Structure formats: structure tokens, C-alpha cells
Amino acid sequence: MKHIKSIIGITLSGAALLFSGCNQGGGSSNGALTSSAAEKVYVAPGEQDEYYAFLSGGYSGNLTVYGLPSGRMFKEIPVFSQFPTSGYGYSEETKPMLNTSYGFVPWDDAHHPDISQTNGELDGRWIFINGNNTPRIARVSLSTFETEEIIEVPNSAGNHSSSFITENTEYVVAGTRFSVPVPQRDMPINEYKGNFKGALTFITVDQEHGHMDIKFQLLMPGFNYDLSHPGRGKSHGWFFFTTYNTEEASTLQEVNSSQNDKDFIAAINWKKIEEYVNNGGGTKMPANYAHNVYDESTHMATTTMEKEVLTVNPAEVPGAIFFLPTPKSPHGCDVDPSGEYIIGNGKLSADLTVHSFDRMIAAIEGEKFDGEAYGIPILKFEDVLAGTVKSGGLGPLHTEFDADGNAYTTFFISSEVVKWKLGSWEVIDRKPTFYSVGHLMIPGGNSRKPFGKYVVAMNKITKDRYLPTGPEMEHSAQIYDISGEKMELIYDFPTHGEPHYAAGCPADLLRENSKKIYRLDENNHPYGIKSPADARVERDGRDVHIYMSTIRSHFTPDNIEGIKVGDRVYFHMTNHEQDFDVPHGFAVIGANTSEILIMPGQTKTIVWEPKQVGVWPFYCTDFCSALHQEMQGYVRVSPA
Ligand code: CUK
Ligand code: CUA
């Protein structure tokens, strides 16, 4: 401790404390930090971080926002899960966001966030993320940090190879981990082979508002489509998907023994298919899926149930789809910033397979095929190979890139990040992770312009890294400084849920556009009121609408009578504050929902169905002023 103080000064007590904790594991084999590491991650009180990092929450269904290099968590953005902290999914305005063709589904498994791009560079407009279980894609505004849209993906199951975007955000693309009967029907499972389909879904993004629409679904052979990435630069117009189970087995229990030596990367020329579809190609198929859009002006979400989807059979578009053989159940599918190299990592192999886009095009033009699968030409492995990285690691999963032609690959089994050189394929450095790393993220590291200063490794297993918290530990992320030739582990921080992938960007990209308040004069909520003077109670049969105002620090009205058991009471709360960071909350006794948080200028609604006669209190849940505790009221409930 003394040593650290002497180097970085006594203001560092917080970091120094943390530092001594990390040292308890002892020795550099446990990744113990050096004193310069503390300086690198230290962001002094009142200072701000250099980068945003958006980590998927996995089974939390949400997205969490962190700062780099401090590892401080700023916000959890609810996406696919109800979130009592803000009332997302509980308020009447946000409930429709979680509608699906299966009904109200207030949970999902969120895996891969991706920030919108222009010319292959991060543009900071939106971040997209997939719901894996009940297939959905969400769009989150990077101005309000709120979920603005969720579209369900029909004919899909295990929406895993999603949600990656093309380099001008023309499309957000969704794959399907499970192939399923399309359309869904009652049929024997063991007739899977040849009958199940893998739908790859191309969803357009309106450039002004971000609105998503399914343009077409490509009904691919019944493999498992695991991960994907768009081409960029020279390969813009293509999309690449790793596949496994190309045997089309309905049970994967013998995945090791029955495994084909090579599965495929599917290379899809989406520009060609887009052209085909624009010229009237494809077949409209009945499909039920929900499309939920949040309107910032009315502060309300609405659901549209869509009825059909345009499907394309690969055979209809010859010359648009090819298979690149890739060894042993590839998982990650990553494309380097130049667009030339496509990396597929066989989970069960030690080497990384790198394919060349130029060689792929040459082989296609020369029609050098090695058979076909369901009419889709298979290219020869040797013809498309750019190189092999003899990594020396085990269980390669995912790769990101820096701006200097280096790639960084995670190895789950050998628990390490390996840095290697694109083109020469030589390994430059390797550092252990603690423990069993999945994805990694370099801000901009899957775009044409990476910001190669830090890499964040997201680890599946935490064990002894933090103070124990019983059998369940939060997952763990680690920050490495990658500004030098060798990587340096500089920080550990706990995450929320299971972060699969993450996306990061420079703080300057978002700071200026981050919204501070919703303007009251732009509030078009049908139950919003312009001023506290408009507050009132209106009865409509059994429904009672309370138009309520919140302002420091009182509710108007605050004594409500005339409510009866059996009524449906709608509290429509408008926050009339116009100061940054002054929300009010609302909670009423016995409400079978959460509290809700109302931001300045916003209107939100919760429904309360009183079951018992009495005089029942409500109060503000967010400490808003010195008189916050005075912000309260009563509802009198009389017999029916
Ligand atoms: S998956 Cu989690 S480690 Cu969903 Cu991207 Cu590979
Ligand atoms: Cu309003 Cu506390």
C-alpha cells in the first residue's frame, strides 16, 4: 500500500484498497496488478470515463452501461425484462414493448449488442440487441438510453447469431440457432433432416427514426446458425454465419463422435438477394409476429401484430450463397476491419481458421466448387483459406481487432486472450483470464475503425476473484490495456447477469447527444396534463382516470375520494419538472405491479384495482427534495 501511495499519491485510497484485495490471490500467476495498472483505471471523483461499454445482460434480459477504464456501472437499461427500478414493463406505456405472438413475455436472454454504424464507423445513434429465447430484436436509443422498439422474429428459435448490423445500418440481421419446421407444425422430430429450416432474417432500419421492418427471410438448410458478422469495406454487401450440426441431427448428444470434420461458414450476398426481392422475388408466407414501437412524443408503446413475411429459398437466387468449410463446430464469426479476413473458430480445435474474402470471390468466379448442399455450392477449403493461426490455446470462441492489424481471440478452455497478427498469423502475446472467457470487446473492435486502447474480456466463471457471496457469484469482466505490444491486465469488475457480447464507443460520441429532459411542451400523451391546474379525476364506468401532477414535492390531487372496490384506477402521472435529473416515483399500497419512475416532462400510468375498503396511502419513491418524505397522499376506497 505504501508503495502505491508513493507512486500515485494519497488521493488514491479507493483504488489502493481495491488493489490490496486483488493481491490476496498472490503472485503474478493470478493476474496481480502492478501499481501503474491502478493509475490506468483510476478515474478521479468528478472525472468521467473515456469510453462507454454496453454489456449484454444475458439471462437478465437487459443491457448494462459501464465506463472504461473505471469499470463503473452507470445504468441498467431494461430491454426484454420487466424492471421494477423504473417500472419498465409494468407501466401501461411500456407493457406493450414485451408483447409477442406468444402473449406478454416479460423476460428474455440478451446476447449481442451492436452499435449503429455509418460507413463502417460507429455513429452512436442506436444500439441493437437480440432476445435469444423468444426471438426478438430490440433497438435502444443512445440519446435517451431507453428501449424504443422490439420486433419479434418469426420462423426462428434461439435467435443467437444476432443482432449484427451492416456498415451503414441498412440491416440488422438475425440468425437462428435452432432450425425448426417452417411454418411450425406437428411433425415427428426424427424427420428433422431435410425438413427443418434455418431462417436468416434481414431487417431494414429506417435511417431517420430507426424503425425496423423485416425485409426478407432466407430459408436456409436445417443447420444451427451460431454467430454472424457483416462484411465491411470490400466485403460490404456480404454477411457471414458460422454453422454447426451440418449433419442435421435432431439430437446433438453425440456431437463429438458423429461430427463432420468440417462445418461451414455460410457466405450470403445480401445485396444480390435484396435486388431479387426488390424486383418482386420471394414468397409471402403467413407469419404472426409482434412489432412494438415506443413513441417519444406520446411516451407510449403500441403493438402491431404483423401477419406475413417475405421468404426466399436459396435455390431462387443462384450465385448468392456459398459454403466455406470450417473445422470443428465453429462458434465466433468475425470479420477484420479491412473486410478481407473472415475468422471462424472451431470450438473443438486449437487452430484458428482464417478465410480470405478475395480468394473466396476468385473461387466463386472460377466456379471451383467441391460439391453442394441443398443446391448451395461448397467452396474448397484450400481455395478460400487465408491462413491458420497456430494458437497453442484451446477452445477458441471470439475475435476482435485493434487499429494496427492485430486480432485478439478468446479461448474458453485454456482461459486466455491471444493476440496475433493478421496476415502473418503469428502469435504476439497471450494473457490468462479469470476464468473461462467467452466474448471480448474492443470499442469499435467489430467496425472499420477500432479504438484499440482497451479490451474487455467477459468471463463465465468468477470463483475467487471477489469476496464470496454464497453459491452464486456475478460474472466477471477484465480490462486489459492493449496500447503496447503486450497486453496488460489492469482491472477486474463484476457484471450483471451473464454478459455475452458487448459494444463500446468513445464517450465523446454520445455525451453531447444524451438527452437531459423530455420537454413538457412536446408531451403528447393522451392522458398527460400541461400543468398541475389541469389535474382531475374522471370516472368512466368502472374505470377511474386520475390525471395527476408531480412537482417538488407534492402530488395534485393528493386526497382522492369516490373510488369503489372493483374499480380500475388509472393513475396517469405527469412530471411537471423541467430540471435535469429530477424524477418522481409513485407507489400505492397493495398495487400488484411495481412503482414507476416518471422523468421530467414525461407521463406514465399504473393501474390499481383496490380490493379492500379503507383509506390507502401512496407516496413518491424517488428522493426528490428535502420534502420528499412529505410527497404523499391518500385514496379513499368505499364499498362497491
Ligand atoms: S455466445 Cu456467449 S460466449 Cu451468445 Cu456470443 Cu459465445
Ligand atoms: Cu417526488 Cu420524492
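This text gives an overview of the structure that appears in the document. (Residues numbered from 1 in each chain as written. Chains lettered and ligands numbered in written order. Predicted model: local features only at pLDDT ≥ 70, side-chain atom pairs only at ≥ 80, totals over all residues. Heavy atoms only, no water.)

**Comments concerning helix α5 (residues 357-365)**
Within α5 the residues assigned to the buried category are Phe357, Met360, Ala363 and Ile364. Taken around the axis of α5, the buried residues stretch over an arc of 125°, which confines them to a single face. The N-capping residue of α5, defined by a side-chain oxygen 3.4 Å from the backbone nitrogen of Asp358, is Ser356. Backbone geometry just after α5 places Glu367 at a positive phi near 50°. (Buried < 20%, exposed > 50% of the residue type's maximum accessible area, 1.4 Å probe, protein only. Helix = DSSP H or I, 4+ residues; strand = E, 2+ residues; numbered from the N terminus. Arc of directions from axis to C-beta. Polar contact = N/O pair within 3.5 Å; in protein donor to acceptor, adjacent residues only side chain to side chain.)

**Quick look at the sheet that holds strand β23 (residues 351-356)**
Strand order across the open sheet formed by 4 strands is β21-β22-β23-β26, with antiparallel pairing between neighbours. Each edge of the sheet is formed by a strand with only one pairing partner; in this case those strands are β21 (330-335) and β26 (385-390). Neighbour to neighbour, the strand axes of the sheet diverge by 20° on average, direction disregarded. In terms of strand pairing, strand β22 (residues 341-346) meets β23 through 5 bridges, oriented antiparallel. Bridge pairing in β23 links Asn345 to Leu352. (Pairing = 2+ DSSP bridges. Axes fitted to C-alpha atoms, helices over the stretch in contact; angles between N-to-C directions.)

**Some thoughts on the side chain of Thr100**
Mapped onto the elements of the fold, Thr100 is located in strand β4 (residues 99-100). The exposure class assigned to Thr100 is buried, which follows from its relative accessible area of 4%. A distance of 2.8 Å separates a polar atom in the side chain of Thr100 from the backbone nitrogen of Tyr102. Those residues in contact with Thr100 that lie beyond four places of it in its chain are Val105, Thr134, Arg136, Glu152 and Ala290. (Contact = heavy atoms within 4.5 Å.)

**Considering the pattern of salt bridges**
Under the criterion given, the structure shown has 32 salt bridges. Notably, a salt bridge pairs Lys262 with Asp261, separated by 3.3 Å at the nearest N-O pair. Judged by its relative accessible area of 27%, Lys262 falls in the partly exposed class. Given a relative accessible area of 48%, Asp261 falls into the partly exposed group. The salt bridge partner of Glu577 is Arg552, with a shortest N-O separation of 2.7 Å. (Salt bridge = Lys/Arg side-chain N within 4 Å of Asp/Glu carboxyl O.)

**Some words on the site of ligand 1**
Around ligand 1 sit His111, His112, His160, Leu227, His331, His398, Gly438, His439, Lys460 and His500, and that is every residue in its neighbourhood. For the shell around ligand 1, the residue count by class is 1 nonpolar, 8 polar and 1 charged. (Near = heavy atom within 4 Å. Nonpolar A, V, L, I, M, F, W, Y, C, P; charged D, E, K, R; others polar.)

**Focus: the pairing of strand β29 (residues 416-421)**
As a general feature of sheets, a regular strand has side chains that alternate between the two faces. Burial within β29 is extensive, with 5 of its 6 residues counted as buried. Bridging between strand β28 (residues 406-411) and β29 involves 6 bridges; their strand directions are antiparallel. What sits directly across from Thr409, in β29, is Val418. The turn joining β28 and β29, which pair antiparallel and follow one another in sequence, is formed by 4 residues; a positive phi near 50° is taken by Ser415. Two elements, β29 and strand β30 (residues 427-432), share 5 bridges in a ladder whose sense is antiparallel. In the strand pairing of β30, Val417 is matched with Lys431. From the end of β29 to the start of β30, which pair antiparallel, there are 5 residues, and Gly423 there has a positive phi angle of about 100°.

**Remarks on the packing of aromatic side chains**
The description of an aromatic ring pair rests on the distance of the ring centres and on the angle between the ring planes. Applying the stated criterion to the full structure yields 33 aromatic pairs. An angle of 80° between the planes, with centres 5.3 Å apart, marks the rings of Phe555 and Phe618 as edge-to-face. Here Phe555, found in strand β38 (residues 554-556), pairs with Phe618, found in strand β44 (residues 614-619); they are 63 residues apart in sequence, far enough to count as distant. Above the ring of Phe434, the side-chain terminus of Arg465 is found at 4.1 Å from the ring centroid. (Phe/Tyr/Trp six-rings, centres within 6.5 Å; stacked < 30°, edge-to-face > 60°. Lys NZ or Arg CZ within 6 Å of the ring centre and 35° of its normal.)

**Notes on the pairing of strand β34 (residues 488-494)**
Within β34, 5 of the 7 residues are buried, which leaves the element mostly enclosed by the surrounding structure. The antiparallel pairing of strand β33 (residues 476-481) with β34 creates a hairpin that spans 6 residues between the two strands.

**With respect to the nonpolar core**
Residues Phe202, Met220, Phe240, Ile268, Ile273, Phe323 and Met360 are the most contacted members of the largest nonpolar core, which totals 44 residues. Top contributing element to this core by residue count: strand β17 (residues 262-269), with 5 residues. If sequence neighbours within four positions are ignored, Ile273 has contacts with Phe216, Leu218, Ile268, Val312, Val317, Ala320 and Ile321. Core analysis: the second largest hydrophobic core is formed by 27 residues, Leu122, Ile129, Ala507 and Leu510 among them. (Core = buried A, V, L, I, M, F, W, Y, C linked by side-chain atoms within 4.5 Å.)

**Notes on the sheet that holds β28**
As summarised here, the arrangement of the 4 strands in space is β27-β28-β29-β30, forming an open sheet in which the pairing is antiparallel. Each having just a single partner strand, β27 (396-401) and β30 make up the two edges of the open sheet. The average angle at which neighbouring strand axes cross in this sheet is 20°, direction not considered. One ladder, built from 4 bridges, connects β27 with β28; its direction is antiparallel. Residue Glu400 lies in a different strand from β28, and its bridge partner there is Tyr408.

**Things to note about helix α4 (residues 270-278)**
The set of residues buried in α4 consists of Trp270, Ile273, Glu274 and Val277. In a view along the axis of α4, the buried residues occupy a sector of 105°, so they form one face of it. Gly280 sits one or two residues past α4 and shows a positive phi near 95°.

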